[in-house]
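In case you want the letters, here they are:
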Amino acid sequence: MSKTKALPKNLSFEKALERLQEIVAELENPEKGLEESLVLFEEGISLSRFCRSRIDEIQKRVEVVLKETPDALVTEPLDDELDEDALDGEERER
Amino acid sequence: MSGRFRYTLRRVTARRVSETQMSFGDAELDRGPDATAMSVSQVIAQINGLLRGGLQNVWVRGEVSGFRGTAASGHCFFSLKDESGGATLRVKVFASDYRRIPFTLEEGLLVLARGTPDVYPERGELSLRIVEIQPSGIGALQLAFEQLKARLAAEGLFDAAKKRPLPLLPRRIGVVTSRHGAALRDILKVLDARFPNAHVTLYPASVQGASAPGEIVRALHAFSRVPGAADVLIVARGGGSKEDLAAFNDEAVVRAVAASTVPVICAVGHETDVSLAELAADVRAATPSQAAELVVERLDHFEERLERGERDLKISVRGRMDRAAHHLARLASAPALARFPATVRQGRLESRAAASALFSSFRRIPSSLSSRISRVEQSVRAWVDRAAFPLLFTRVLQERRAAADRMAARVAAANEKRGIAAGRLEALSPLRVLARGYAIVTKEGETAPVTDAAALAAGDAVRVRLARGRAVARILSTETT
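Criteria and thresholds
- Residues numbered from 1 in each chain as written.
- Chains lettered and ligands numbered in written order.
- Predicted model: local features only at pLDDT ≥ 70, side-chain atom pairs only at ≥ 80, totals over all residues.
- Helix = DSSP H or I, 4+ residues; strand = E, 2+ residues; numbered from the N terminus.
- Buried ≥ 20, exposed ≤ 12 C-beta atoms within 10 Å, placed from the backbone.
- Contact = placed C-beta atoms within 7 Å.
- Pairing = 2+ DSSP bridges.
- Axes fitted to C-alpha atoms, helices over the stretch in contact; angles between N-to-C directions.
- Parallel < 35°, antiparallel > 145°, perpendicular 65-115°, else oblique.
- Left-handed = near helix turned anticlockwise from the far one by under 90°.
- Nonpolar A, V, L, I, M, F, W, Y, C, P; charged D, E, K, R; others polar.
- Core = buried A, V, L, I, M, F, W, Y, C linked by C-beta atoms within 7 Å.
- pLDDT = per-residue confidence, 0-100.

(A) Examining the overall build of chain B more closely. When helices and strands are counted, chain B shows 15 helices and 13 strands. In chain B, which comprises 481 residues, the proportion classed as buried is 23%. Long-range pairs, those at least 24 residues apart, make up 60% of the contacts in chain B between residues at least 6 apart in sequence.

What follows is the structure, encoded as structure tokens:
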């Protein structure tokens, strides 16, 4: 029913969230026309989806750098359990 | 000058000696001071011996004066002055001792210097050879810290304008700290509670001891160098004694923090002592746990924010639609609009009839125009179906009329063109030539027009065709030119 504006290509998470809040504020203005409101609404929904997808993209990982190559850091998963041995080691170090 | 002086002195001494010899006549005595006098170098050696005996490793307090840095040899010469200005003592610091001074000597600095005074034989000049020097009032390390801080501040490394905002949603969090330290454990614990999906890359580095500065710098450079390795960094260590913070006051570390291409949060775990690395960082955190709190918002807060945003959007738009529907209902129930649907229906029929009449009256309508007409018609229908406003309907009709007017103008223009073409064709017609007073002559019984008088003879009968009608004539005479 209305033209949905495509989101900018290199939109940042910050910008998206900021714009979403802007839209929510704009929609509170009773002067906005119905048609314009619908366009804003659709933009807001797609911004919200964009933000969610960016959050979902992040996958839990805890890794430790083993060595460096010219264009990358070589890592392996960090033994998640910082167990008592590790702590003892730290105490000894001091 | 001094050579001549010395020579004169020697001559005077020689004369006195001879006078003495003459008056006393005692050979032993006669030889007197000449036998016992010391050479200058002997005197100086003896003075230096006395100084060593009485003033070895003496501490002297004074203001640095006439300081001009080191000479080419690496040694350093300047003076110490009493604060009152009443006394001056030349001092020298040999290169090997000078290098061990942790802070920078500067003019006017009140220092405590330890050393032994001696006389330099070549010049007969007294100076204090300093082996250790420290600032008076504060510790050498403290002074070194203050001096480095002032120097880096002057370079703008701590400028507020240089501070970058942290990313709201870091995709990769780089951590520079000891692999087995409390700092890492605290950071991971807090992150796990706030944003369980966080992607953390640890670059292990000692945070205390002699190797710490190098390791921290290396880790910072790695995250800056490898694109996408992290989009925010936490450089942290847990609490410790003040000396343990040395790595975070190391010039190379401070510079690496300031030069990082990725925003840096620095958490050294000291409320009272702010390290220079923290001053150079984009954000300072009191503890590693706080750094983890600053690095990313709670996941549930993100979700809450997005949900609230969507809910607000929906509420706003639903409210807007409800108001519009209410408005429409009010308009539709107005007495003046009681007949409105019928009017609209009739108007639509009329406009349809008009449009199809318009359509059929031209063989070809440019596609742009026809789609426009159908769009107009669709909107008429759409608005009718939704009990549209009369005003909008009027606008639609106006638009249709304007489209029809434009079409009519186009057709008129086409017609005019066609008229001009017809006019040209007419101008070429033989009838048109005849109309200007010319005639076509053919011999009796022939169809080809006569174009040469030689083809005719007196007495020939010819047919003459005029613009209107024709005649038969006879030739009286011919003339060939």
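Additional details are given in the paragraphs that follow.
(B) Structural context of the pairing of strand S1 (residues 61-69) of chain A. Taken together, the 4 bridges between S1(A) and strand S7 (residues 199-204) of chain B define a ladder with parallel strand orientation. From the neighbouring strand, A:Arg61 faces S7(B), where its bridge partner is B:His199. In this structure, S1(A) lies alongside strand S2 (residues 72-77) of chain A, joined through 6 bridges in antiparallel fashion. The residue bridging A:Glu68 from the neighbouring strand is A:Leu73, located in S2(A). Between S1(A) and S2(A), which pair antiparallel and follow one another directly, the connecting turn spans 2 residues.

(C) Fine view of the packing of helix H1 (residues 13-27) of chain A against helix H2 (residues 34-57) of chain A. All names here are of chain A. The geometry of H1 relative to H2 is characterised by a closest axis approach of 9 Å and an angle of 150 degrees between their N-to-C directions. Between H1 and H2, the interaxial angle falls into the category roughly antiparallel. Judged by the sense of rotation from one axis to the other, the crossing of H1 with H2 is left-handed. Where H1 abuts H2, its residues Phe 13, Ala 16, Leu 17, Arg 19, Leu 20, Ile 23, Val 24, Glu 26 and Leu 27 lie against Ser 37, Leu 40, Phe 41, Glu 43, Gly 44, Leu 47, Ser 48, Phe 50, Cys 51 and Arg 54. Split by residue class, the contact of H1 with H2 holds 12 nonpolar, 3 polar and 4 charged.

(D) Structural detail: the interface of chain A and chain B. Contacts between chain A and chain B engage 38 residues on the former and 32 residues on the latter. At the level of elements, H1, H2, S1, S2 and helix H3 (84-93) of chain A are the ones that each hand at least two residues to the side of chain A that touches chain B. At 11 residues, the largest contribution of residues to the side of chain A that touches chain B is made by H2(A). Its residues assigned to classes, the side of chain A that touches chain B shows 21 nonpolar, 7 polar and 10 charged.

(E) The arrangement of the nonpolar core in detail. By size, the foremost hydrophobic cluster in this structure holds 60 residues, and its most contacted members are B:Ile187, B:Ile216, B:Ile234, B:Val257, B:Ile265 and B:Ala277. Aside from chain neighbours lying at most four places away, what touches B:Val257 is B:Leu220, B:Val235, B:Val264, B:Cys266, B:Ala277, B:Ala280 and B:Ala281. Core analysis: the next-biggest nonpolar cluster, separate from the first, contains 14 residues, A:Val24, A:Leu40, A:Phe41 and A:Leu47 among them.

(F) The sheet that holds strand S2 (residues 76-81) of chain B, seen in detail. All names here are of chain B. With respect to topology, 5 strands assemble into a closed barrel ordered S1-S2-S3-S5-S4, the strand pairing being mixed. Neighbouring strand axes in the sheet, compared pairwise and without regard to direction, differ in orientation by 55 degrees on average. Of the strand pairs in this sheet, strand S1 (residues 58-65) and strand S4 (residues 110-120) are connected by 6 bridges, and their pairing is antiparallel. Its bridge partner lying in S4, Val 58 is registered against Gly 115. Packing of helix H3 (residues 40-55) onto the sheet brings it into contact with S1 and S4, and relative to S4 it is tilted by some 145 degrees.

(G) Spotlight on the packing of helix H7 (residues 212-225) of chain B against helix H8 (residues 251-259) of chain B. All names here are of chain B. Put simply, H7 and H8 touch, their axes get as near as 9 Å, and they point 15 degrees apart. Our classification of the angle between H7 and H8 gives roughly parallel. The way H7 lies across H8 gives a crossing that is left-handed. Residues Pro 213, Ile 216, Val 217, Leu 220 and His 221 of H7 lie in contact with H8, whose contacting residues are Ala 252, Val 253, Ala 256 and Val 257. Taken together, the residues of the contact of H7 with H8 sort by class into 8 nonpolar, 1 polar and no charged.

(H) Spotlight on the sheet that holds S2(A). Spatial ordering of the open sheet is given by S2(A)-S1(A)-S7(B)-S6(B)-S8(B)-S9(B)-S10(B), a layout of 7 strands whose pairing is mixed. With partners counted over all chains shown, the strands left at the sheet margins are S2 of chain A together with strand S10 (283-285) of chain B, one partner each. Between one strand axis and the next, the sheet turns by 30 degrees as a mean value, whatever way the strands run. In this sheet, S10(B) lies alongside strand S9 (residues 264-267) of chain B in parallel orientation, the contact comprising 3 bridges. Each residue of the ladder has a partner; that of B:Ala267, found in S10(B), is B:Ala285. Against the sheet, helix H6 (residues 182-194) of chain B engages S1 of chain A together with strand S6 (173-177), S7 and strand S8 (232-236) of chain B, with an angle of about 155 degrees to S6(B). Sheet strands touched by H7(B): S1 and S2 of chain A together with S6, S7 and S8 of chain B. Its angle to S6(B), the strand with the most contacts, is close to 170 degrees.

(I) Inspection of the confidence of the model for chain A at higher detail. Confidence in the prediction for chain A averages 77 pLDDT; 79% of positions are at 70 or higher. Low confidence marks residues 83-94 of chain A, where pLDDT is under 50. Its contacts with residues over four positions away, or in another chain, come to 5 contacts.

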